[in-house]
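Now for the letters of each chain:
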Amino acid sequence: MSILQKTKQSSEEVLNPYQIVQTQIETAAKILGLDRGIIDILKKPMRVLSVNFPVKMDDGSIRVFEGFRSQHNDAIGPTKGGIRFHPDVTMDEVKALSMWMSFKCGVVSLPYGGGKGGVICDPHAFSKAELERISRGFMEAIADFIGPEKDIPAPDVYTNPQIMGWMMDTYSRITRAFNPGVITGKPLIIGGSKGRNEATARGCVYTIKEALKEAGKQMKGATVAIQGFGNAGRIAAELLAEQGCKIVAVSDSKGALYQPQGLDLAVVTQLKDSSTIMNYDARYHLQQAEEILELDVDILVPAALENVITLKNAENVKARIVAEAANGPTTPEADKILFQKGILVIPDILANAGGVTVSYFEWVQNLMNYYWSEEEVNQKLCEVMVRSYNEVSALAKQYDVDFRTSAYMISLKRIAEAMQVRGWV
């Protein structure tokens, strides 16, 4: 049973992501003094679609796949969020992720609400042709519910630009018009944005740099552990190393490496591409991959899945800064412990908002049919992330709360205001 299918562990800690985000909403809303009606609206998605669609396999057999699309709140603008392909996708997970997307968009002031989708499947188990048919089948199943002015999907766990390209093409065929604005994270040749692939990691690095600056510390020489060496984790490692940080630990689904004097990042990357990072010098293997979360480092970057920092290990976290490149890596109970320990947690809805920010830039470029240079994209992203970090930091100091609560307060206030002026409440 996966961690997302569990709702409690022996300590009675809630691990269901949908319940976690509802708790986070209640905490921030109470401080803001929001009306109960507004809170109740925000605690549930406005629409959740469940679909089952048939796909013909390479051997001629038919297999039925189940997928979901959740649209949380469109008071500020159309919903926006990724589609993941993963064997552990659940409706509660997708609902929670769509809600996190609303608050992520709110904290960086994007004109979007949150959306999220997923298909229950292991993409590694299929041929490229089968993966294409799954991608097109899911798009056909949800096409009536999405669109450039309604709901704009994007890549997520185990999906990529090619899958987005197939989905965009399918939607364009259905609508009988070229519609690049329906999907972001596409290949450049069909309307993708320069800088999109690195955006999540780059945005995270911008917030880390601001956090160190605020603490009076330098990037050069700062030690970093990265849990999850996928797209975001790998690029974050490269960008942090370029800034002078020392990457001392990385992990993936196969295990973890820890070399106190600094890993040879080029070798780790090459091993990841060709086989597994665990072919790195055995002297630097951690016995348990989870140990990476408890290393004595300046910066810990959780860049994998949800619920990895919990009541079971929060007391053992020694990093000075936790920058959440993943969605929902820290439980509310663990958050309290980290705050009491004086550890700065840059929350997911801020730290990994670079991806949706450049997705927004891509959408804008699609609508204008005018495209920016990578330098312009990165400059605009930097401005958004730095401004948003400083807003969250200032409010956290004003109310003496952690950064996550502060980020939620900013987002909730914006969404509540939009609902009020539209006459919803």
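Being a predicted model, the structure only gives us computed values, none of them experimental.

Caption draft 1: Structural view of the UniProt feature "binding site: NAD(+)" (unreviewed entry) in the chain. UniProt's feature table lists "binding site: NAD(+)" (unreviewed entry) at Thr200 and Asn231, given in the numbering used throughout. Annotated residues spanning 32 residues; largest pairwise C-alpha distance 9.0 Å, indicating a single compact cluster. If you trace the backbone, threonine 200 turns up in helix α6 (residues 196–214). Contacts of threonine 200, omitting those with residues within four sequence positions, involve Ala232, Ala325, Ala351, Asn352, Gly354 and Gly355. Looking at the element boundaries, asparagine 231 is found in helix α7 (residues 231–242). Here the side chain of asparagine 231 touches asparagine 197 through a polar contact of 3.3 Å, landing on its backbone oxygen.

Caption draft 2: Main features of the sheet that holds strand β8 (residues 255–258). Taken together, the six strands give an open sheet; going across it, the order is β8-β7-β6-β9-β10-β11, and neighbouring strands pair in mixed fashion. Looking at strand neighbours, the two that pair on one side only are β8 and β11 (344–346), the edges of this open sheet. Between one strand axis and the next, the sheet turns through 15 degrees on average, direction left out of account. Bridge count between strand β7 (residues 246–252) and β8: four bridges; the pairing is antiparallel. Residue alanine 249 lies in a different strand from β8, and its bridge partner there is tyrosine 258. Running over the sheet, α7 touches β6 (223–227) and β7 and is turned about 170 degrees from β6.

Caption draft 3: Inspection of the pattern of salt bridges at higher detail. One pass over the structure, following the stated rule, counts 27 salt bridges. Note that aspartate 58 and arginine 133 form a salt bridge whose closest N and O atoms lie 2.6 Å from each other. With aspartate 58 in the loop between β1 (47–56) and β2 (62–71) and arginine 133 in helix α4 (residues 128–142), the pair connects residues that are 75 residues apart, well separated along the chain. The residue glutamate 214 makes a salt bridge to lysine 397 at a minimum N-O spacing of 2.6 Å. Here glutamate 214 is found in helix α6, whereas its partner lysine 397 is found in helix α12 (residues 374–399), with 183 residues between them in sequence. Each of Arg84, Glu93, Lys116, Asp156 and Glu306 takes part in one network of salt bridges that share partners.

Caption draft 4: Looking closely at the UniProt feature "binding site: substrate" (unreviewed entry) in the chain. This chain's UniProt record puts "binding site: substrate" (unreviewed entry) on Lys80, Lys104 and Ser359. Taken together, the annotated residues stretch across 280 residues yet fold into one region, lying no more than 12.6 Å apart by C-alpha. Mapped onto the elements of the fold, lysine 104 is located in helix α3 (residues 91–107). A relative accessible area of 4% places lysine 104 in the buried class. Once residues lying within four places of it in the same chain are set aside, the contact partners of lysine 104 are Asn327, Asp348, Ile349, Asn352, Ala353 and Val356. Here serine 359 is to be found in helix α11 (residues 354–368). The contact partners of serine 359, leaving out residues within four places of it in the chain, are Lys80, Tyr112, Ala154, Thr184 and Arg196.

About the cut-offs
Residues numbered from 1 in each chain as written. Predicted model: local features only at pLDDT ≥ 70, side-chain atom pairs only at ≥ 80, totals over all residues. Heavy atoms only, no water. UniProt positions renumbered as here; feature names shortened; annotations may be inferred. Helix = DSSP H or I, 4+ residues; strand = E, 2+ residues; numbered from the N terminus. Contact = heavy atoms within 4.5 Å. Polar contact = N/O pair within 3.5 Å; in protein donor to acceptor, adjacent residues only side chain to side chain. Pairing = 2+ DSSP bridges. Axes fitted to C-alpha atoms, helices over the stretch in contact; angles between N-to-C directions. Salt bridge = Lys/Arg side-chain N within 4 Å of Asp/Glu carboxyl O. Buried < 20%, exposed > 50% of the residue type's maximum accessible area, 1.4 Å probe, protein only.

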